[in-house]
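# Per-entry structural report
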Amino acid sequence: MKPFIMDHPLIKHKLTLIRDKNTGSKEFRELITEVATLMCYEATRDLPLEEIEIETPICKTKSQVISGRKLAVVPILRAGMGMVDGMMTLVPAAKIGHIGLYRDPKTHTPVEYYCKLPADISQREVIVVDPMLATGGSAVDAIRMIKEKGAKNIKFMCIIAAPEGLEALTKAHPDVQIYCASLDEKLNDDKYIIPGLGDAGDRIYGTK
Ligand code: PRP
Ligand code: URA
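Residues numbered from 1 in each chain as written. Chains lettered and ligands numbered in written order. Predicted model: local features only at pLDDT ≥ 70, side-chain atom pairs only at ≥ 80, totals over all residues. Heavy atoms only, no water.

## A few points about the site of ligand 2
Rule in force here: Being near a molecule or strand, for a residue, comes down to having at least one heavy atom within 4 Å of it. Any N or O atom pair separated by 3.5 Å or less is treated as a polar contact, with the protein-specific requirement of one donor-capable and one acceptor-capable atom, and with residues adjacent in sequence counted only for side-chain atom pairs. For every accessible area listed, the method is Shrake-Rupley and the probe measures 1.4 Å; residues are considered covered only by the protein chains on display. Only Asp, Glu, Lys and Arg are considered charged, only Ala, Val, Leu, Ile, Met, Phe, Trp, Tyr, Cys and Pro nonpolar, and every remaining residue, Gly among them, polar.
Near ligand 2 the following residues occur: Arg103, Met132, Ala134, Lys191, Tyr192, Ile193, Gly198, Asp199 and Ala200. Ile193 is positioned such that a nitrogen or oxygen atom in its backbone is 2.8 Å from an oxygen atom of ligand 2. For ligand 2, a nitrogen atom lies 2.8 Å from a polar atom in the backbone of Gly198. When isolated, ligand 2 has an accessible area of 240 Å², and the protein chains bury 89% of it. Considered class by class, the residues forming the shell around ligand 2 number five nonpolar, one polar and three charged.

Set out below in structure tokens:
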């Protein structure tokens, strides 16, 4: 499935501020939240609608509401948590799952430490969120874990993707629609995205 790359001036502007190394943790967190909300608008564009009857102060009328499957938002810890509030602004009834993965600093491969998903995850449309798609290892493993719990309708939303990560994720999970705000150039030798934004978790939580 072809990745959806955002093309909105508000997202591009906020992304510039996010990338800037002089942007502090408070502003960084606020911007990640805002971009997640803007991206959520796009990622929910295909939600099915149904018509119901309501009564306005003037008359009865038919009007549309979201129908069908309910949503689950699944952040990949830690940095994915930074996108949850922005998503919940638009889909407050979504359930939230958590997947804990960190990249081994030497091998750059993901290490799993937590998985707690809504019991009815197989009935839900799932949006996995993580600001960074670098090698793709974390996203590939997270989506595999979610599929093992029975979920079939899964989207992946990241703020910055590297071509290497996009390729790996598309190859491992061709059924998953990917949304990203920017497709960057490449990875460096430490598997960080160039130009990227640095370490998303450290910048959100001020741990470096
Ligand atoms: C970062 C990021 C992704 C992962 C991407 O998390 O938030 O989860 O790296 O890299 P990959 O595509 O090569 O797997 P990190 O492992 O640094 O953990 P953290 O969020 O807890 O800091
Ligand atoms: N994880 C990050 O936080 N940043 C990168 O550039 C790559 C992986």
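## What about unusual backbone geometry?
We apply this condition: By the criteria applied, helices consist of DSSP H or I runs no shorter than four residues and strands consist of E runs no shorter than two, each listed in order from the N terminus. Only protein chains enter the calculation, and the probe is 1.4 Å; a residue is then buried if its accessible area is under 20% of its type maximum, exposed if over 50%, and partly exposed in between.
Geometrically, the link from Leu77 to Arg78 is a cis peptide bond, its omega value of -5° lying close to zero. Of note, Arg78 is situated in the loop between strand 4 (70-77) and helix 3 (84-90). Residue Pro195 follows Ile194 across a cis peptide bond; omega there is -5°. Note that Pro195 resides in the loop between strand 13 (193-194) and helix 6 (200-205). Although it is not a glycine, His108 sits at a positive phi angle of roughly 65°. Relative to the elements of secondary structure, His108 occurs in the loop between strand 6 (98-103) and strand 7 (110-116). At Lys191, a position not held by glycine, the phi torsion is positive, near 65°. On the secondary structure map, Lys191 appears in the loop between strand 12 (186-187) and strand 13. Relative accessible area serves as the criterion here: at 33%, Lys191 is assigned to the partly exposed category.

In short, shape yes, function no, at least from these values alone.
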